[in-house]
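Results of the structural survey
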Amino acid sequence: GESVGLHLPTLSVQEGDNSIINCAYSNSASDYFIWYKQESGKGPQFIIDIRSNMDKRQGQRVTVLLNKTVKHLSLQIAATQPGDSAVYFCADSVGAGTALIFGKGTTLSVSS
Amino acid sequence: DAMVIQNPRYQVTQFGKPVTLSCSQTLNHNVMYWYQQKSSQAPKLLFHYYDKDFNNEADTPDNFQSRRPNTSFCFLDIRSPGLGDAAMYLCATSRVGRSVTEAFFGQGTRLTVV
């Protein structure tokens, strides 16, 4: 069943602001987490991932934070742009050989 | 350049008429997944192949079947589509060794049942 969920279904920000999208997971055995971006009519696109032996990972304009104590994952987008407008999903996996389970998405709307 | 290719992009089928969706990959990944995504919802995992091993999710209806004749191709068969099966169907691939890595998705097939 679903083990991952997001706190807010929608988030509206101004261009240039920093965005924070949150996700809570329930399976303490989850050891791999991914953030995906999905634009309308397209398949999910990989943004960034993190393993449970880390608590922070940075990419280009994006940072993922993992708090295993409270089973919380967040995606931070710096200097949000209109092109960042999309639905964002977190997903998790437990161990090797298992599939990715998606949580509910957050729709990010960026206004200029 | 497309690495995970789904055909067709749009499929219309009649109620109760069997339909097959196809997926191919050029990544040589050992795992292939099928997800169902309904409007405004998260992708829901139906099943996946780890090499030739088929892994069905517990709540996937028997109406949904899958075949993986070789590494590159995977098919989703819906034996008797109902109106509730109208959705976007997403295929994804991943390279899993000692641990899982990110899944690459195709553009999806939007299925309409009439």
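Right, let's walk through the structure included here. (Residues numbered from 1 in each chain as written. Chains lettered and ligands numbered in written order. Predicted model: local features only at pLDDT ≥ 70, side-chain atom pairs only at ≥ 80, totals over all residues. Heavy atoms only, no water.)

**Concerning the state of the cysteines**
In plain terms, the rule: Counting rule for disulfides: a pair of cysteine sulfur atoms within 2.5 Å. The way it works is that DSSP assigns letters per residue, a run of H or I at least four long becomes a helix, a run of E at least two long becomes a strand, and they are numbered from the N terminus. Exposure is judged per residue with a 1.4 Å probe applied to protein chains only, and the accessible area is read against the type maximum: over 50% gives exposed, under 20% gives buried, and values in between give partly exposed.
Inspection of every chain in the model, using the stated rule, returns two disulfides over all chains. Disulfide pairing places Cys23(A) opposite Cys90(A) at an S-S distance of 1.9 Å. Where Cys23(A) bonds to Cys90(A) through sulfur, the torsion about that S-S bond is close to 60°, and the disulfide is right-handed. Here the residue Cys23(A) occupies a position in strand S3 (residues 19-25), and Cys90(A) occupies one in strand S9 (residues 86-93), the gap between them amounting to 67 residues. The exposure class of Cys90(A) is buried, given its relative accessible area of 0%. Sulfur of Cys74(B): no disulfide; nearest cysteine sulfur belongs to Cys91(B) and is 6.0 Å away. We classify Cys74(B) as buried; its relative accessible area is 0%.

**Digging into the packing of aromatic side chains**
Put simply, the test is: Stacked, edge-to-face and tilted labels apply to pairs of Phe, Tyr and Trp rings (six-membered ring for Trp) whose centres lie within 6.5 Å, assigned for plane angles under 30 degrees, over 60, and everything in between, in that order.
Tallied over the full model, the rule gives 13 aromatic pairs over all chains. Considering the side-chain rings of Tyr25(A) and Phe33(A), the 4.6 Å spacing of their centres and the 50° angle between planes classify their relative orientation as tilted. For the pair Tyr25(A) and Phe33(A), a shared accessibility class is recorded, and that class is buried. Taken together, Tyr36(A), Phe46(A), Phe89(A), Phe102(A), Tyr33(B), Tyr35(B) and Phe105(B) form an aromatic cluster joined through their ring pairs.

**A short note on the environment of Glu57(B)**
Condition: Any two residues having at least one pair of non-hydrogen atoms within 4.5 Å are treated as being in contact.
Here Glu57(B) is to be found in the loop between strand S6 (53-56) and strand S7 (64-67). Along the chain, Glu57(B) and Lys44(B) lie 13 residues apart, while their C-alpha atoms are 9.7 Å from each other. Those residues in contact with Glu57(B) that sit more than four places away from it in its chain are Ile101(A), Leu45(B), Leu46(B) and Phe47(B).

**Side note on the pattern of salt bridges**
Filter applied, for reference: What counts as a salt bridge is simple: a side-chain nitrogen of Lys or Arg found within 4 Å of a carboxyl oxygen of Asp or Glu.
Tallied over the full model, the rule gives five salt bridges over all chains. Put simply, Lys42(A) and Glu39(A) hold a salt bridge, and the shortest N to O gap is 3.6 Å. Here Asp59(B) and Lys44(B) are joined by a salt bridge, their closest N and O atoms 3.2 Å apart. Placement of Asp59(B) in the loop between S6 and S7 and of Lys44(B) in strand S5 (residues 44-50) is noted, with a sequence separation of 15 residues between them. Note on Lys44(B): relative accessible area 31%, which makes it partly exposed.

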